[in-house]
Amino acid sequence: MKVSLDIDSDYDETIVTIHCKEVDDTIKEILDFLKGMETEFIVGKNGDMHYILKPNEIHFFRAHEDSIEAVTAEGTFKLKEKLYELEKLLPSNKFVRISKSVIVNLYELSRFEASFNGTLCVYFKSGVKEYVSRRYVHAIKKALKMNRGKKE
């Protein structure tokens, strides 16, 4: 990989351009890093108050009734964003969808257990648990690099 840096005081903003033959894991990591830098905070509402939430402090996002919630150690906050918008906004190396209604912060997971029907149950450091739908088991295993010995 070749890296070039062009520093000029005439530039009004920083522009990152990547030239590549194909998007591989290295390019995805770079894009996730840049995406993570863009998302400094998310605004959540609890009661009448609006709170500034840092993505790395959020344990998971879930669809609950007619809204999206961000669950943190400090509580649960309602968001204006939809799950698919959060999925695009957040770095995929840290946040992974585990079901139709939940996106988790991989760094807040403490353990998981497989069930007989092909799903996983993931436990957060807070003790809360969520279930990984069979459709998303492969994605979370890949994110946790559990397929190291297997050919895909």
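Our subject is the structure that appears above.
Residues numbered from 1 in each chain as written. Predicted model: local features only at pLDDT ≥ 70, side-chain atom pairs only at ≥ 80, totals over all residues. Heavy atoms only, no water.

J.: How should the pairing of strand E10 (residues 129-132) be read in this particular structure?
T.: With burial as the criterion, only one face of E10 is covered, namely that bearing Glu130 and Val132; the residues Lys129 and Tyr131 on the opposite face remain uncovered. Summarising the sheet, strand E9 (residues 120-124) and E10 pair through four bridges and their orientation is antiparallel. The residue bridging Cys121 from the neighbouring strand is Tyr131, located in E10. Linking E9 to E10, which pair antiparallel, is a turn of four residues; within it Gly127 sits at a positive phi near 100°. (Buried < 20%, exposed > 50% of the residue type's maximum accessible area, 1.4 Å probe, protein only. Helix = DSSP H or I, 4+ residues; strand = E, 2+ residues; numbered from the N terminus. Pairing = 2+ DSSP bridges.)

J.: For this particular structure, what's the right way to read unusual backbone geometry?
T.: Glycine aside, the phi torsion of most residues is negative, and most peptide linkages are trans. Phi is positive for Glu65, close to 55°, though the residue is something other than glycine. Positionally, Glu65 belongs in the loop between strand E3 (58-64) and strand E4 (67-72). Note on Glu65: relative accessible area 72%, which makes it exposed.

J.: What am I meant to see in the sheet that holds strand E8 (residues 109-114) here?
T.: Reading across the sheet, the three strands line up as E8-E9-E10 and stay open at both edges, with antiparallel pairing between neighbours. Here the strands that pair on one side only, and so sit at the sheet edges, are E8 and E10. Going from strand to strand, the sheet's axes swing by 25° on average, the running direction of each strand aside. Two elements, E8 and E9, share five bridges in a ladder whose sense is antiparallel. Its bridge partner lying in E9, Glu113 is registered against Cys121. Packed onto the sheet, helix H3 (residues 134-143) meets E8, E9 and E10 and runs at close to 105° relative to E10. (Axes fitted to C-alpha atoms, helices over the stretch in contact; angles between N-to-C directions. Contact = heavy atoms within 4.5 Å.)

J.: Quick question: what am I supposed to make of the nonpolar core here?
T.: Soluble globular proteins tend to bury their nonpolar side chains together. Judged by nonpolar contacts, the single largest core of 15 residues is most densely connected at Ile98, Val104, Leu109, Val122, Val132 and Ile140. Mapped by element, the contributors of at least two residues to this core are strand E6 (95-99), strand E7 (102-105), E9 and H3. Those residues in contact with Val132 that sit more than four places away from it in its chain are Ile98, Thr119, Leu120, Val122, Val137 and Ile140. Among the nonpolar cores identified, the runner-up in size contains 13 residues, and Ile58, Phe77, Leu79 and Phe95 belong to it. (Core = buried A, V, L, I, M, F, W, Y, C linked by side-chain atoms within 4.5 Å.)

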